[in-house]
Amino acid sequence: MNLIEQLHPESLPNHLAIIMDGNGRWAKQKGFLRIIGHENGAKSVRTTVETCTKLGIKNLTLYAFSTENWNRPKLEVDSLMKLLVKSLKRELKTFIKHDIALNAIGNLSSLPSSVQKELNEVIDKTKSNSKMTLTLALSYGSREEIINATKQICEKVKNNIISIANIDESIINEHLYTHNLPDVDLVIRTSGEQRISNFLLWQIAYAEFYFTEVLWPDFTQDHLCQALLSYQNRERRFGKTSEQIK
């Protein structure tokens, strides 16, 4: 029995988020330029997206470019942006074929105009797709997201649109980039690092975590299934006792 056959469809995560780490280290180990690592990482993205679609996972969010990544060498950033445009053009047919809607979160206005144009076109052309929502976190930082949400809520309180007494989790959710997405069930991080790196801090409050030593360009369907099997063997209590869950 292969790993996919061992999975239980009824207990897969509704929302899977992945911190795709290790492209640069993968390239360095092989004596390549870092961009070669990112190009090979794009192949792992395709494998992961297609596998999640096949399994029936409804929401997949990929940490593609953080607000901190702007501090990398200009040549690498420029190459990443060109790779993003190229990937969006190439994968549009795949999104349509597999009924995938593309979504994006982050400070999108800070992206180059070429990226914004291609991103908006693919989002628009796939907006009616319903099998899975693929969200790319681009120029994304969770602290910035929470600060922006706080400012929006404060402005609405000042203008008597929202009452302070009515501010609750749902109000905050409505003002986050992810307002149209459910909370994250499982976070996977590759490359052996065990930190969150300013990713979906609010949305992962009750998420399970899976860390693997595998570098992202080497991340295969079997690696994904191993993470999902680990998730399925955990007891998610959300503050309750084991007895209450049973």
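Here we summarise the structure given alongside this text.

1. Quick notes on the packing of helix α4 (residues 74–97) against helix α5 (residues 113–126)
Right, so step 1: It is the contact of α4 with α5, at a shortest axis distance of 9 Å, that shows an interaxial angle of 10 degrees. On the basis of their axis angle, the class for α4 and α5 is roughly parallel. Contacts between α4 and α5 involve Met81, Leu84, Val85, Leu88, Lys89, Leu92, Phe95 and Ile96 on the former and, on the latter, Ser114, Val115, Glu118, Leu119, Val122, Lys125 and Thr126.
Right, so step 2: Across the contact of α4 with α5, the residue classes break down as 10 nonpolar, 2 polar and 3 charged.

2. Description of a negative patch on the surface
Right, so step 1: Taken together, the side chains of Asp168, Glu169, Glu174 and Asp183 make up a negatively charged region of the molecular surface.
Right, so step 2: Residue class for Asp168 comes out partly exposed when judged on its relative accessible area of 38%.

3. Notes on the nonpolar core
Right, so step 1: If you look at the biggest cluster of nonpolar residues, it comprises 44 residues, and the most contacted ones within it are Leu16, Leu60, Leu134 and Ile188.
Right, so step 2: Considering each element in turn, this core owes the most residues, 8 residues, to α4.
Right, so step 3: When near neighbours in sequence (up to four residues on either side) are disregarded, Leu134 contacts Val49, Leu60, Leu62, Phe95, Ile100, Ala101, Leu102 and Asn103.
Right, so step 4: Judged by nonpolar contacts, the second largest core, of 12 residues, contains Ile19, Tyr63, Tyr140 and Leu200.

4. Section: the environment of Asp99
Right, so step 1: In this fold, Asp99 is placed in the loop between α4 and β3 (100–105).
Right, so step 2: Judged by its relative accessible area of 27%, Asp99 falls in the partly exposed class.
Right, so step 3: Considering only alpha carbons, one finds Asp99 and Tyr140, 41 residues apart in sequence, at a separation of 25 Å.
Right, so step 4: Those residues in contact with Asp99 that lie beyond four places of it in its chain are Asn129, Ser130, Lys131 and Met132.

5. As for the sheet that holds strand β1 (residues 15–19)
Right, so step 1: Spatially, β3-β4-β2-β1-β5-β6 is the arrangement adopted by the 6 strands of the open sheet, whose pairing is parallel. Sheet topology places β3 and β6 (208–211) at the edges, where each strand pairs with a single neighbour. Taken pair by pair, the neighbouring strands of this sheet meet at an average axis angle of 20 degrees, ignoring direction.
Right, so step 2: As paired elements, β1 and strand β2 (residues 59–66) share 5 bridges and run parallel to each other. If you follow Ile18 over to β2, its bridge partner there is Leu62.
Right, so step 3: Docked against the sheet, α5 engages β3 and β4 (132–140), running at close to 140 degrees with respect to β3.
Right, so step 4: Contacting β1, β5 (186–189) and β6, helix α8 (residues 221–232) crosses the sheet at an angle of about 140 degrees to β5.

6. Structural notes on the packing of helix α3 (residues 34–55) against α8
Right, so step 1: At a closest axis distance of 9 Å, the pairing of α3 and α8 adopts a crossing angle of 50 degrees. Judged on the interaxial angle alone, α8 and α3 are oblique. Considering how the two elements wind past one another, α3 and α8 form a crossing that is right-handed. Where α3 approaches α8, its residues Thr47, Thr48, Thr51, Cys52, Lys54 and Leu55 are matched on the opposing element by Gln221, Leu224 and Leu228.

7. So, the environment of Met20
Right, so step 1: Structurally, Met20 is set in the loop between β1 and α2 (23–29).
Right, so step 2: Spatially, the C-alpha atoms of Met20 and Arg189 are 6.3 Å apart, while their sequence positions differ by 169 residues.

8. Comments concerning α5
Right, so step 1: Compared with an ideal rise of 1.5 Å per residue, which puts 14 residues at 20 Å, α5 spans 20 Å between its outermost C-alpha atoms and is within 8% of the ideal.
Right, so step 2: Turning to α5, its buried residues are Val115, Glu118, Leu119, Val122 and Thr126. Viewed along the axis of α5, the buried residues span an arc of 100 degrees, placing them on a single side of the element. Exposed residues on α5 whose side chains face more than 90 degrees from its buried face are Ser113 and Lys117.
Right, so step 3: The inward-facing, buried residues of α5 contact α4, β3 and β4.

Basis of the calculations
- Residues numbered from 1 in each chain as written.
- Predicted model: local features only at pLDDT ≥ 70, side-chain atom pairs only at ≥ 80, totals over all residues.
- Heavy atoms only, no water.
- Axes fitted to C-alpha atoms, helices over the stretch in contact; angles between N-to-C directions.
- Helix = DSSP H or I, 4+ residues; strand = E, 2+ residues; numbered from the N terminus.
- Parallel < 35°, antiparallel > 145°, perpendicular 65-115°, else oblique.
- Contact = heavy atoms within 4.5 Å.
- Nonpolar A, V, L, I, M, F, W, Y, C, P; charged D, E, K, R; others polar.
- Patch = residues over 30% accessible without salt bridge, like charges linked within 9 Å, V, L, I, M, F, W, Y side chains within 5 Å.
- Areas by Shrake-Rupley, 256 points an atom, 1.4 Å probe, with all protein chains shown as cover.
- Salt bridge = Lys/Arg side-chain N within 4 Å of Asp/Glu carboxyl O.
- Lys, Arg positive; Asp, Glu negative; His and termini not counted.
- Charge placed at Lys NZ, Arg CZ, Asp CG, Glu CD.
- Buried < 20%, exposed > 50% of the residue type's maximum accessible area, 1.4 Å probe, protein only.
- Core = buried A, V, L, I, M, F, W, Y, C linked by side-chain atoms within 4.5 Å.
- Pairing = 2+ DSSP bridges.
- Left-handed = near helix turned anticlockwise from the far one by under 90°.
- Expected span 1.5 Å × (residues − 1).
- Arc of directions from axis to C-beta.

Everything listed is a geometric property; what it means functionally is a separate question.
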